[in-house]
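Single-letter residue listing:
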Amino acid sequence: MPDYWRLALMFDARGGDIPALEEGLKRVGDPIRAAAQAMPLRIGVADLHPDLVTGGRRVDGAVEATFAETQLTEVPAFVAGLRPLLEKLAEPSSLEIMIGPMFSMVPVRQGGTVLSLAFRRFPGTTSQKFREWWFNQHSKIAIPVLGEGLLAYDQVHVDQTASDEAAAAFGVSPVEYDAYDNLTWADRFAFLHSCSDAEGMATIARDEVGRIDDPSRRAALMYEVF
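What comes next is a walk through the structure.

Conventions and cut-offs
- Residues numbered from 1 in each chain as written.
- Predicted model: local features only at pLDDT ≥ 70, side-chain atom pairs only at ≥ 80, totals over all residues.
- Heavy atoms only, no water.
- Helix = DSSP H or I, 4+ residues; strand = E, 2+ residues; numbered from the N terminus.
- Rg over C-alpha atoms; globule rule 2.2 N^0.38 Å.
- Contact = heavy atoms within 4.5 Å.
- Areas by Shrake-Rupley, 256 points an atom, 1.4 Å probe, with all protein chains shown as cover.
- Buried < 20%, exposed > 50% of the residue type's maximum accessible area, 1.4 Å probe, protein only.
- Polar contact = N/O pair within 3.5 Å; in protein donor to acceptor, adjacent residues only side chain to side chain.
- Pairing = 2+ DSSP bridges.
- Axes fitted to C-alpha atoms, helices over the stretch in contact; angles between N-to-C directions.
- Core = buried A, V, L, I, M, F, W, Y, C linked by side-chain atoms within 4.5 Å.
- Salt bridge = Lys/Arg side-chain N within 4 Å of Asp/Glu carboxyl O.
- Parallel < 35°, antiparallel > 145°, perpendicular 65-115°, else oblique.
- Left-handed = near helix turned anticlockwise from the far one by under 90°.
- Nonpolar A, V, L, I, M, F, W, Y, C, P; charged D, E, K, R; others polar.

### Thoughts on the overall build of the chain
- Within the chain one finds six helices and eight strands.
- If you list the helices and strands of the chain from N to C, you get β-α-β-β-α-β-β-α-β-α-β-α-α-β.
- Relative to a compact globule of 226 residues, whose C-alpha radius of gyration would be 17 Å, the chain shows 17 Å and is just as compact.
- Taking as baseline every contact in the chain between residues at least 6 positions apart, the subset at least 24 positions apart corresponds to 87%.
- When the accessible surface of the chain is summed, it comes to about 10500 Å², and 55% of that surface belongs to carbon and sulfur atoms.

### Let's talk about the environment of Asp47
- Its place among the elements puts Asp47 in the loop between β2 (41-46) and β3 (61-67).
- Residue class for Asp47 comes out buried when judged on its relative accessible area of 14%.
- Put simply, Asp47 and Pro19 are 28 residues apart on the chain and 11 Å apart in space, counted from C-alpha to C-alpha.
- Of note is the side chain of Asp47, whose polar atom sits 3.0 Å from the backbone nitrogen of His49.

### Let's talk about unusual backbone geometry
- A positive phi angle, close to 55°, is found at Gln37, a residue other than glycine.
- Here Gln37 lies in the loop between α1 (18-36) and β2.

### Some words on the side chain of Glu96
- In this fold, Glu96 is placed in strand β4 (residues 96-104).
- Of note is the side chain of Glu96, whose polar atom sits 2.7 Å from the side chain of Tyr177.
- At 3.1 Å, the side chain of Glu96 and the side chain of Arg218 are in polar contact.
- Each residue touching Glu96, except ones within four places of it in the same chain, is listed here: Ala8, Leu9, Met10, Arg57, Val175, Tyr177 and Arg218.

### Thoughts on the environment of Leu72
- For Leu72, the location among the structural elements is in the loop between β3 and α2 (75-86).
- Accessibility expressed as a relative area gives 24% for Leu72, which makes it partly exposed.
- When the C-alpha atoms of Leu72 and Glu22 are compared, they prove to be 28 Å apart, with 50 residues separating the residues in sequence.

### Focus: the sheet that holds strand β1 (residues 4-11)
- Strand order in the closed barrel made by the eight strands is β1-β3-β2-β8-β5-β7-β6-β4, with antiparallel pairing throughout. Each strand of the sheet is rotated relative to its neighbour by a mean of 30°, with strand direction disregarded.
- One ladder, built from five bridges, connects β2 with β3; its direction is antiparallel. Within β3, the position partnered with Gly44 by the bridge is Ala62.
- Contacts from α1 reach β1, β2, β3 and β8 (212-224), with the element oriented near 175° to β2.
- Sheet strands in contact with helix α4 (residues 160-170) are β1 and β4, and its direction is about 140° off that of β4.

### Remarks on the nonpolar core
- Counting residues in each nonpolar core, the largest one holds 34 residues, and the members touching the most others are Leu7, Leu9, Phe11, Leu25, Leu86, Ile97 and Phe170.
- Sorting the residues of this core by element identifies β1, α1, β2, β3, α2, β4 and α4 as the ones contributing at least two each.
- Excluding residues that lie within four positions of it along the chain, Phe11 makes contacts with Leu21, Leu25, Val59, Asp60, Gly61, Ala62, Val63, Leu86, Ala90, Ser94, Leu95 and Arg218.

### Let's talk about the side chain of Ser194
- Along the chain, Ser194 falls in helix α5 (residues 188-194).
- Ignoring any residue separated from it by four or fewer positions in sequence, one finds Ser194 in contact with Val145, Leu146, Gly147 and Trp185.

### Quick word on the pattern of salt bridges
- Taken as a whole and judged by the stated rule, the model has 16 salt bridges.
- With a shortest N-O distance of 3.0 Å, Asp12 and Arg218 are connected by a salt bridge. On the criterion of sequence distance, the pair formed by Asp12 in the loop between β1 and α1 and Arg218 in strand β8 is long-range, its members being 206 residues apart.
- Looking at Asp12, the relative accessible area reads 14%, which means it is buried.

### Looking at the packing of α1 against α2
- Here α1 crosses α2 at 165°, and the two axes come no closer than 10 Å. Classed by the angle they form, the pair α1 and α2 counts as roughly antiparallel. As α1 packs across α2, the resulting crossing turns out to be right-handed. Packed against α1, whose contacting residues are Leu25, Val28, Pro31, Ile32, Ala35 and Ala36, the element α2 presents Phe78, Leu82, Leu85 and Leu86 at the interface.
- For the contact of α1 with α2, the class distribution of residues is 10 nonpolar, no polar and no charged.

Written as structure tokens, this is what we have:
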């Protein structure tokens, strides 16, 4: 059984202006929290430090909400309320929404830097096979490599029906992803140290071949702004 469900909105800054996006997200943080009511929130902006290479398509910001499955019917209204708060900050064509059951793969400890990424399964792979691999095999390879600095690792197994309903509520086109992934560190330096084992990182990459559709990746290391 999943620990919780998670909603994620990924987007790019209007005009590519990430400092303006950060200031705007800070400004609307309290209204987003009020709309979320009891749902825990995380709002992040991409860390553009030159030492960071996360791969995948660009993403400048994200808004996440975590909730119990019993609250799923409340999510479309919450998402609809986000539109007037985000539409002046995010490029409209860049905004993608996904929802799914969330599994905490390591005991959660708090940190301020989060690797957020979404991706699809490799063509020809069934959803069941992909999710079994991701949950049962890939996590067991990745967690030891990333080490003690990894403070949290959440797998969100995207539910397409719930995601489509949320996209419709916001007023954007639905997108198809199989996975939304969150990995948390204390800061950028902890992330870089965690990824410094070249042989271990190569092992992780080899395990992904034929399982993840690389062109579909959308990812960024983000620091929390709210």
